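# Geometric and topological summary
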Amino acid sequence: MKFLYLPALMAGGIMAAQCAVAQDFVIRGATVHTASAKGTLKNIDVVVRGGIIVAIGSDAGTSGAVIDAKGKELTPGLFGGLTDIGLEEIAAEAQTVDSTLNLKSPAWDQQWRPELDVTVAYNPRSFVVPITRIEGVTWTVLVPSAEDSIIGGQGSAVVLDGRYNAALSGSRSLFIQMGAAGAKVAGGTRAAEYMLLEQAIHEAHAPGPIGQGALLHAAGREALTRYLSGGRVVVQVDRAADILSVVTFAERNGMKPVILGGDEAWLVAKELATANVPVILDPLNDLPTDFDRLGATLENAARLQRAGVRIAFSSGDTPQARLIRQLAGNAVAHGLPWESALAAITSTPADIFGLGATHGRIAVGQSADLVLWSGDPLEVTTLADQVWIAGRPVEMKSRQTELRDRYVEKVKAHQAR
Amino acid sequence: MNLLSRIVLLSSVACAVSGALASEPFPSTYQVPISSPVLIQGATVLTGTGERLDGTDVLIANGRIQAIGKGLAAPGDARIVDAKGKWVTPGLIDIHSHLGVYASPAVKGLDDGNEATAPVTSNVWAEHSVWPQDPGFETALEGGITTMQILPGSANLIGGRSVVVKNVQGVTYQAMKFPGAVYGLKMACGENPKRVYGEKHQAPSTRMGNVAGYRQAFADAQDYQQQWDKYNRELSEFSKKKAERADGGAKKSKDKDAAADKELTPPSPPKRDLKLETLAEVMKGNIRVHMHCYRSDEMATMLDVADEFGFKIVAFHHAVEAYKIADRLADKGVCAAMWADWWGFKMEAYDGVQENLAIVDFPERSCAIVHSDSADGIQRLNQEAAKAMAHGQRAGLTVAPERAIRWLTANPAKSLGLQDQIGTLEAGKGADVVIWNGNPFSVYALAEQVFIDGALRFDRAHPASKPRSDFLLGRHIAEAL
């Protein structure tokens, strides 16, 4: 405890006065995992000014506060995966959930609402935000879903520093549910997913209003059209055959697909690499939990990486988005190179969502979203000592640390082991 | 009392007890396989008794731990495992699994975990839902799991009996069933029962309805037991009288004897009620209560309910708020089986903290357990413990590996009443042993060899030899395009 608390306290102390504005400082002497082509740099200084990384080097920049980080490891702020952070407080309490559209329309009378963008419902005051960010997770991508349509709507990346305008521009994406889960709302067969998509695309391209039985409103046609000329479409799908069908369909219709899930993606790794289609997966999925995932294996990530497929990680779990490092560490234990695992929770997802120039790496010109760790960042026994977002230190507290502090004192006072 | 009446009385007692003790329906067919001795040399051994022994050997033979020490001699036919740099622990025990009852694939045809048709179903037994071909058993084995308790789900106030199995491949569950393990009873607090039945517009729909439900069920079981006690008394009376007549009969005339015999009718036994029979066994201490309960106030309520009816809750499962009553649980000798960090998915899980295990572990006589409740989590119980250690450490509650391993071994064994057979590495105990490629409290740690009763059940170096569910046969043919 003595040792672990020190750096956090020091950093907190140094930063205490400047809550509102990004500060100029240098993090000195850390082992810096850049998540870039430069790899890991030992005993390096990272200089931050105005919320931006301005220099990386030896003894660089001495103005501003100094954070001694010798023996510590520094990474970019982590990606929390595709979640509903800020859209969902308690999954089982519907009144606290804003991620899911349910128009209660039957399959034969579907209404597709691609114009829905859940980003507007994001609540930066959610308790989940501090609980997640003190574990080193600085951004996530918000995922909409719909109960009676395979089109979930749109969502953006948000930065988890508590700001109201949290969306990162250029990251907005369209979300589609395919596979067996999609078939359930598309009329019982996965073939109908393509049938309905074809219909929607025809409507989007149609010159005038559509008559009865239309899937889309005017706003929906406009929204969908934006994705038919190189827009990023995240498609949740696991079965190898479905993955290939989705890639073919998306390319034929001008969409830029991202595979989400992809439990069987390793079976079509070569095709995905050739098509340059990235996969966002949960590397812990190894059970045939349904007939779309009979090929699930702990080696999915390593096999995709070896084949040259770009991979990022996501558990899709909102309250447990903070466990993203555990996914990466396990992928390493099952054959993924360590640097690729770090990239899968930093730079690769940033690239996938169009944020690579400003987020996801420790590089000059990037937003100073940084995490200083007590040890190997992918190790489950390592914890974040200090997190910065856009150059501002995060207060390393949450509702959970306050609960902890209240009851730890109680049990210590009662009796010692 | 003569010999005959004594025999009658004994058998009637056995009748009344039934289930857990009597005729033993669905007996285990598991047999310890014959395997050659194994000497594991030079490992870091976490014994599960609280000790860490570096550079130490473990000798396994005849299904049991024979010796632990430095420089042990190997019997002639022993296989030697060079374990320098490796760690050895007891086999891991998960007391909250739904493998087999909520199997993969999660299709309707295999959805057998919750008999959610009545709030009290103490008559159902989880073993009758276990599908031994669930591929989750083999992935759990790769994570070092050697024993697990499979429970019914938590839809009901009283969900039914659990079954303890060894994680060995079997065509029937009886071939996996842990010989001699007593049954557990799954009970559930809070949101799940009140939601499931509230949505059906029947009781319980509130927490007070939940408590009324447990109490009425046990009150009914008390009444049931009294009927059996009464029957047993009458049977005993009857036997006694019959014996007396038999003794005296020799002196009396034949006619009189026949007339008197007519007056003596044996009492008829009460009808067996499988629901109440299980609860009666709980109150006699023959079945161990494992209770799904998140909130500290509800755990306290249930401790009082247990006191009212004279049974013991051996463990609260999930116990997300156990840290708020850590002292009380330790004082009562009740275990808490917990996740490292699950929280927030429902209101009663809202106060989860990552220090729960470390705080619950802190008081003297505590019994902290890591459980999974998940086909994924069960593969990485060691990592769950590791995360809890790190958060405990940051809160000033340091837990050394030799203590933390008890969360996965000795403590769960105790909660199952199997502490004399498994859970620690001590001479004479069953040889459930895991060899890890390093410190198991690491994300990079992998179980290399897993022994159950001395037999090597998983060997990472020989993937072809690992168990494979019937369900997965053919998969590789389909994949090889």
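Just so we're clear, the structure is a prediction, and the values are computed from it rather than from any experiment.

### Details of the domain arrangement of chain A
All names here are of chain A. Considered domain by domain, chain A is made up of domain 1 (2-75 + 393-414) and domain 2 (79-359). Averaged C-alpha coordinates put domain 1 and domain 2 at centres separated by 32 Å. Taken together, the contacts link eleven residues of domain 1 with eleven residues of domain 2.

### Brief notes about the sheet that holds strand 6 (residues 92-97) of chain B
All names here are of chain B. Reading across from one edge, 6-7-9 is the order of the three strands in this open sheet, with mixed pairing throughout. Edge positions in the sheet fall to strand 6 and strand 9 (163-166), since each of these pairs with one other strand and no more. Mean inter-strand twist for the sheet, computed between neighbouring axes without regard to direction, equals 20°. The pairing of strand 7 (residues 145-150) with strand 9 spans four bridges and is antiparallel.

### Examining the domain arrangement of chain B
Residue and element names in this part refer to chain B. Partitioning chain B into domains gives domain 1 (31-91 + 424-481) and domain 2 (92-209 + 275-422). Its C-alpha centre places domain 1 at a distance of 26 Å from the equivalent point of domain 2. Tallying the contact residues gives 32 residues for domain 1 and 31 residues for domain 2. Where the side of domain 1 that touches domain 2 is concerned, the elements lending two or more residues are strand 5 (87-90), strand 16 (447-452) and strand 17 (455-459). Its residues assigned to classes, the side of domain 1 that touches domain 2 shows 14 nonpolar, ten polar and eight charged.

### A short note on the interface of chain B and chain A
Taken together, the contact pairs 44 residues of chain B with 38 residues of chain A. Ranked by residue count, the leading element in the side of chain B that touches chain A is helix 10 (residues 381-394) of chain B, at seven residues. Split by residue class, the side of chain B that touches chain A holds 23 nonpolar, nine polar and twelve charged.

### Description of the sheet that holds strand 14 (residues 368-370) of chain B
In sheet architecture, strand pairing relies on hydrogen bonds along the backbone and comes in two forms, parallel and antiparallel. Residue and element names in this part refer to chain B. Across the sheet, which stays open at both edges, the six strands sit in the order 8-10-11-12-13-14 with mixed pairing between neighbours. Two strands close off the open sheet at either side, each with one partner strand: strand 8 (158-161) and strand 14. Strand-to-strand twist in this sheet, taken as the mean axis angle between neighbours without regard to direction, amounts to 25°. By the bridge criterion, three bridges tie strand 8 to strand 10 (residues 184-188) in an arrangement that is antiparallel. From the neighbouring strand, Ile158 faces strand 10, where its bridge partner is Met187.

### Overview of the pairing of strand 6 of chain B
All names here are of chain B. A large share of strand 6 lies buried, amounting to six of its six residues. The sheet contact formed by strand 6 and strand 7 spans four bridges and is parallel. Note that in strand 7 the partner of Asp94 across the bridge is Met148. Between strand 6 and its parallel partner strand 7, the chain crosses via helix 2 (residues 136-142), and the hand of that crossover is right-handed.

### A few points about the packing of helix 4 (residues 190-205) of chain A against helix 5 (residues 218-226) of chain A
All names here are of chain A. Running from amino to carboxyl end, helix 4 crosses helix 5 at an angle of 100°, the nearest separation of the two axes being 9 Å. With respect to their mutual orientation, helix 4 and helix 5 come out roughly perpendicular. Two secondary-structure elements touch here, helix 4 through Ala200, Glu203 and Ala204 and helix 5 through Arg221, Leu224 and Thr225. A per-class count over the contact of helix 4 with helix 5 returns three nonpolar, one polar and two charged.

What counts as what
- Residues numbered from 1 in each chain as written.
- Chains lettered and ligands numbered in written order.
- Predicted model: local features only at pLDDT ≥ 70, side-chain atom pairs only at ≥ 80, totals over all residues.
- Domains from an automatic or database assignment.
- Contact = placed C-beta atoms within 7 Å.
- Pairing = 2+ DSSP bridges.
- Helix = DSSP H or I, 4+ residues; strand = E, 2+ residues; numbered from the N terminus.
- Axes fitted to C-alpha atoms, helices over the stretch in contact; angles between N-to-C directions.
- Nonpolar A, V, L, I, M, F, W, Y, C, P; charged D, E, K, R; others polar.
- Buried ≥ 20, exposed ≤ 12 C-beta atoms within 10 Å, placed from the backbone.
- Right-handed = clockwise from strand over helix to strand, strands pointing away.
- Parallel < 35°, antiparallel > 145°, perpendicular 65-115°, else oblique.

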